[in-house]
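Chain by chain, the residues:
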Amino acid sequence: MQEKRVGILGLGKKLGSKVLTNKDLEKIVDTSDEWIQTRTGIKERRILDKGESAATLASAAAKEALENAGVKAEEIDLVVVTTITPEQPLPATAAFVQREIHADKAGAFDLVVACPGFVYALTVLSPLISIGKYKYILVVSCDTLSTITDWEDRGTCVLFADGAGAAVLGEVPAPRGILQSAIHNDPYNIELLEIPGGGSRRPYSHEVIDNKEHFVKMRGNELFKVAVKSMTDVSLEVLEKAGWTIDDVDLLVPHQANIRITDAVATRLKVDKEKAVISITYMGNNSSATIPATLYDIQKEGRLKENDIVLCTTFGSGVAYGALLIQW
Ligand code: UT7
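Residues numbered from 1 in each chain as written. Predicted model: local features only at pLDDT ≥ 70, side-chain atom pairs only at ≥ 80, totals over all residues. Heavy atoms only, no water.

1. Comments concerning the environment of A293
So, point 1. With respect to the secondary-structure elements, A293 resides in helix α11 (residues 290-301).
So, point 2. Residue A293 is classed as buried on the basis of its relative accessible area, which comes to 0%.
So, point 3. With 278 residues separating them along the chain, A293 and L15 place their C-alpha atoms 8.5 Å apart.
So, point 4. Beyond its immediate stretch of four places on either side in the chain, A293 contacts K13, G165 and M283. (Helix = DSSP H or I, 4+ residues; strand = E, 2+ residues; numbered from the N terminus. Buried < 20%, exposed > 50% of the residue type's maximum accessible area, 1.4 Å probe, protein only. Contact = heavy atoms within 4.5 Å.)

Rendered as structure tokens:
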């Protein structure tokens, strides 16, 4: 019998429909197209339009992933949405997606790990397929950061965007599939990126809202350094565990937080610049959606080909970080 691994059978993507350019942002905060492009790489990003929300983006991406995978919704065993911006506080956004796509026999829940959500989900869920517990798992990484952004804070509002990327996981013939993965969290840097208000410690109140504690607070400069180190270290860890070297990698697909973070990670890993995929220019930072949405785009462009070795690496609030090595 041919050896099997767990892999991605099909991808889907749906970004917010409203295009927000740097010029648009110049009208909202004290910033410039020149500053945003040089300091972040972003030219434009997409945010929610009227009638759109986490569940509408996530469901659209999910439907496309199922179609591309050739898997029916009723065959899905688990629907897992990674998000920090749910459709509503209760129930899980996964329940809304499940209802929309009619994945009627599935279990459904959300995973809250900010930007590394997709890598975390694939790491913890893929063994459930290898041990035979489940056949197909639908992972939808969906974040609508525009809804938790302080639109008067130029340090964050120029970065964030809304989007969803979905993947159907199932068995693929070896040597293709997930080769290795690792996830970690550095809790001593929680305060570098957080939403302090709106939880049990600081429940919603007029004071919380007036202090804008329900919006993302970020110490971007400090986080930048932590990001570069953690993404590099965890990439080297998965390569070593897999018995591969960086020269074996065809494509580096990092979380898209800042083009300078991607450049610094690529330099430290000694990856040729042309192997490092950049989508932040046209997509902005879609949190956990950036990696699946970027994989979707490069597969569509023909840049990502069967059997390519792909290294995904990510970090975010927590500070959570992780990496995934896949033979496509
Ligand atoms: O998904 C994970 C979450 N996000 C991240 O990981 C982001 C990581 N950090 C970063 O990408 C960068 O730190 C930023 C893009 C957020 C900021 O870039 P920086 O080069 O680290 O700038 P800085 O924070 O050191 O600020 C430099 C200057 C400051 O002005 P002064 O104090 O030197 O006068 C800021 O006030 O740039 C100013 N600044 C801006 N100026 C124009 C900050 N944001 C803006 C802006 N437009 N949007």
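That shown, we press on.
2. A few points about the site of the ligand
So, point 1. Around the ligand, the structure places 23 residues, and the nearest of them are T31, R39, N221, N258 and N285.
So, point 2. Measuring from an oxygen atom of the ligand, one finds a side-chain N or O atom of N258 at 2.7 Å.
So, point 3. Residue R260 places a side-chain N or O atom 2.9 Å away from an oxygen atom belonging to the ligand.
So, point 4. Surface burial for the ligand is 72%, taken as the share of its 940 Å² of free accessible area covered by protein chains.
So, point 5. Considering each element in turn, the shell around the ligand owes the most residues, four residues, to helix α8 (residues 220-242).
So, point 6. Per-class residue counts for the shell around the ligand are 11 nonpolar, eight polar and four charged.
So, point 7. Counting only domains with at least three residues in the shell around the ligand, you end up with domain 1 (6-172) and domain 2 (178-327). (Near = heavy atom within 4 Å. Polar contact = N/O pair within 3.5 Å; in protein donor to acceptor, adjacent residues only side chain to side chain. Areas by Shrake-Rupley, 256 points an atom, 1.4 Å probe, with all protein chains shown as cover. Nonpolar A, V, L, I, M, F, W, Y, C, P; charged D, E, K, R; others polar. Domains from an automatic or database assignment.)

3. Observations regarding the pattern of salt bridges
So, point 1. Taken as a whole and judged by the stated rule, the model has 14 salt bridges.
So, point 2. The salt bridge involving E207 is made with R202; its shortest N-O contact spans 3.7 Å.
So, point 3. On the basis of relative accessibility, which here comes to 48%, the residue E207 falls in the partly exposed class.
So, point 4. For R202, a relative accessible area of 24% corresponds to the partly exposed category.
So, point 5. Salt bridges here are not isolated pairs; linked through shared partners, they connect D150, E152 and K212. (Salt bridge = Lys/Arg side-chain N within 4 Å of Asp/Glu carboxyl O.)

4. Details of the sheet that holds strand β4 (residues 78-82)
So, point 1. Spatially, five strands are ordered β1-β7-β6-β4-β5 in an open sheet, and the strand pairing comes out mixed. The open sheet terminates on both sides in strands that have one partner only, identified here as β1 (4-15) and β5 (107-111). Within the sheet, the average angular offset between the axes of one strand and its neighbour, ignoring direction, is 20 degrees.
So, point 2. Bridge analysis of β4 against β5 gives five bridges, and the strand direction is parallel. Residue V81 lies in a different strand from β5, and its bridge partner there is D110.
So, point 3. Those strands touched by helix α3 (residues 54-69) are β1, β6 (137-144) and β7 (162-173), and its axis lies near 135 degrees from that of β1.
So, point 4. On top of the sheet, α11 reaches β1, β6 and β7; it is set at about 90 degrees to β1, its chief contact. (Pairing = 2+ DSSP bridges. Axes fitted to C-alpha atoms, helices over the stretch in contact; angles between N-to-C directions.)

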